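Chains, contacts and geometry: an overview
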Amino acid sequence: HLGFNDPPADFANEDLFVVVTLPDSCRSQQVHEGWFSKLEDVPGKAITVTIRGILKSKCIVAVVPEARKAVAVRCALRGDVRPECPASALREHPRAHLFLDAEAASLLDKATIQRYQEKRGHSAS
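Residues numbered from 1 in each chain as written. Predicted model: local features only at pLDDT ≥ 70, side-chain atom pairs only at ≥ 80, totals over all residues. Heavy atoms only, no water.

**Brief notes about the state of the cysteines**
For the structure shown, the criterion picks out 1 disulfide. Here Cys-75 pairs with Cys-85 through a disulfide, and the sulfurs are 2.2 Å apart. Taken as a pair, Cys-75 in helix α3 (residues 70-77) and Cys-85 in the loop between α3 and β4 (96-100) lie far apart in primary sequence, 10 residues in all. Assessed through its relative accessible area of 4%, Cys-85 is described here as buried. With no disulfide partner, Cys-26 has as its closest neighbouring cysteine sulfur the one in Cys-85, 16 Å distant. (Disulfide = S-S within 2.5 Å. Helix = DSSP H or I, 4+ residues; strand = E, 2+ residues; numbered from the N terminus. Buried < 20%, exposed > 50% of the residue type's maximum accessible area, 1.4 Å probe, protein only.)

**A word on the nonpolar core**
By size, the foremost hydrophobic cluster in this structure holds 9 residues: Leu-2, Ala-9, Ile-51, Ile-54, Ile-60, Ala-62, Ala-89, Leu-90 and Ala-96. Of all the secondary structure elements, the ones that give two or more residues to this core are α2 (51-55) and β3 (60-64). Those residues within four positions of Ile-60 in sequence are excluded, and the remaining contacts are Ile-54, Leu-55, Leu-90, His-93, Arg-95, Ala-96 and His-97. Counting 7 residues, the second-largest nonpolar core is a separate cluster that includes Val-64, Ala-104, Ala-105 and Tyr-116. (Core = buried A, V, L, I, M, F, W, Y, C linked by side-chain atoms within 4.5 Å. Contact = heavy atoms within 4.5 Å.)

**Thoughts on the environment of His-97**
Of note, His-97 is situated in strand β4. As for His-97 and Tyr-116, which are separated by 19 residues in sequence, their C-alpha atoms are 9.7 Å apart.

**Structural notes on the pattern of salt bridges**
Under the definition given, this model contains 7 salt bridges. Glu-14 is paired through a salt bridge with Arg-52; the nearest N and O atoms lie 2.1 Å apart. With Glu-14 in the segment before β1 (17-21) and Arg-52 in helix α2, this pair connects stretches of sequence that are 38 residues apart. According to the relative accessible area criterion, Glu-14 is partly exposed, its value standing at 47%. Of the residues examined, Arg-52 reaches a relative accessible area of 31% and is grouped as partly exposed. The shortest N-O distance in the salt bridge between Arg-78 and Asp-109 comes to 2.5 Å. Separated by 31 residues along the polypeptide, Arg-78 in the loop between α3 and β4 and Asp-109 in the loop between β4 and α4 (110-120) bring together distant segments of the chain. Look at the salt bridges and you will find they share partners, linking Glu-14, Arg-52 and Lys-56 into a network. (Salt bridge = Lys/Arg side-chain N within 4 Å of Asp/Glu carboxyl O.)

**Points about the side chain of Arg-27**
The topology assignment puts Arg-27 in helix α1 (residues 24-32). Assessed through its relative accessible area of 15%, Arg-27 is described here as buried. Reaching out from Arg-27, the side chain makes a polar contact with the backbone oxygen of Leu-39 at a distance of 2.9 Å. Once residues lying within four places of it in the same chain are set aside, the contact partners of Arg-27 are Leu-22, Leu-39, Glu-40, Val-42, Pro-43 and Gly-44. (Polar contact = N/O pair within 3.5 Å; in protein donor to acceptor, adjacent residues only side chain to side chain.)

**Observations regarding unusual backbone geometry**
Here the bond from Pro-7 into Pro-8 is cis, since omega is -10 degrees, no more than 30 degrees from zero. Look at Glu-66: it is not a glycine, yet its phi comes out positive at around 85 degrees. With respect to the helices, strands and loops of the structure, Glu-66 is situated in the loop between β3 and α3.

As structure tokens, this is what we get:
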């Protein structure tokens, strides 16, 4: 996901912000990540920037840590840009920068990593 734009994300919504109802899986994730102590404390709704709102930014910086995000990272950088993988929309922005730690990048093949490093003018470190 990207923000609270859970799959399938609405790529056509022209609003900048929307109120979304959080599914139990998202609410449980908030507890698992330590943001809330129990599910009952997690709000049922959230405000998020839409995909189109995000893409209207002059520059996008996404920092993605941890192995639990590895599947989402692979989805974002491989295959088609599609609502089932909201973060894939970042590929349509000319100044989107994705910073990954080794665990978040662990499911990417070397060709994918190299392609994006060359495209963005970065080198591996």
